[in-house]
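What follows is each chain in one-letter form.
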Amino acid sequence: VLRIYGQRNGACSHIDVFDSEITGGQRTIFILGRFAPSEEWNTNLRFVRNRIECGTNNCFQISGGRDVLIADNALTSKKSVAVLTAGATRVEVRRNRMLGREDAGAAMNIATPGRQWDNFGGVGNMISSDIQIVNNLIQGWSGAGITLNAARDIDIAHNTVIGGTGLRTSHRTP
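Residues numbered from 1 in each chain as written. Predicted model: local features only at pLDDT ≥ 70, side-chain atom pairs only at ≥ 80, totals over all residues. Heavy atoms only, no water.

1. Side note on the sheet that holds strand β3 (residues 21-23)
Two modes of strand pairing occur in sheets, parallel and antiparallel, and in both the strands are linked by backbone hydrogen bonds. Taken in spatial order, the six strands make up an open sheet running β3-β6-β9-β12-β15-β18, and their pairing is parallel. Edge positions in the open sheet fall to β3 and β18 (160-162), since each of these has one partner strand only. Recorded for the sheet is a direction-independent mean angle of 10° between the axes of neighbouring strands. Summarising the sheet, β3 and strand β6 (residues 51-53) pair through three bridges and their orientation is parallel. Opposite Ile22, over in β6, you have Ile52 as the bridge partner. (Pairing = 2+ DSSP bridges. Helix = DSSP H or I, 4+ residues; strand = E, 2+ residues; numbered from the N terminus. Axes fitted to C-alpha atoms, helices over the stretch in contact; angles between N-to-C directions.)

2. A short note on the sheet that holds strand β11 (residues 88-94)
Taken together, the six strands give an open sheet; going across it, the order is β2-β5-β8-β11-β14-β17, and neighbouring strands pair in parallel fashion. On the outer flanks of this sheet lie β2 (13-18) and β17 (152-157), each paired with one strand and no other. This sheet shows a mean twist of 5° between the axes of neighbouring strands, independent of strand direction. Sheet analysis places β11 next to strand β14 (residues 129-134), joined by five bridges and oriented parallel. In the strand pairing of β14, Glu92 is matched with Gln132.

Next comes the structure, spelled out in structure tokens:
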């Protein structure tokens, strides 16, 4: 539904999405940059006080972004991840209400792209790092509230997870 790309025509920066309603799509908000940290990563993106109903894959997928704020939003999902980072840095996820239903899996997956991405040059450098997950309410996801999958420099504090597993970690390396 909302795509912010920084691959072919340069990066996007200083985008604010406030007090909006965003629903549906495969990836409801898709932030995509080069497959390695670069100046073509999208930067300074703020999503505040929105009502977001997740699409079939993710509410947020950040693959090539930095300096992203996701705060004070209401995210609802029937079967997808609320926040997926697959190569992002300096991301703050603060004071969001995340309501999952039935087969929603994990609420947040802070990750490095998996094997299905290995054929893209530079993807090995897309490690999610310097992520802050603070003061979120996570309820109703059948999987973990927060999954860490080959990520580093992650701060998790004062979150409430109701139902499912609170935190799941994986030892997979990029």
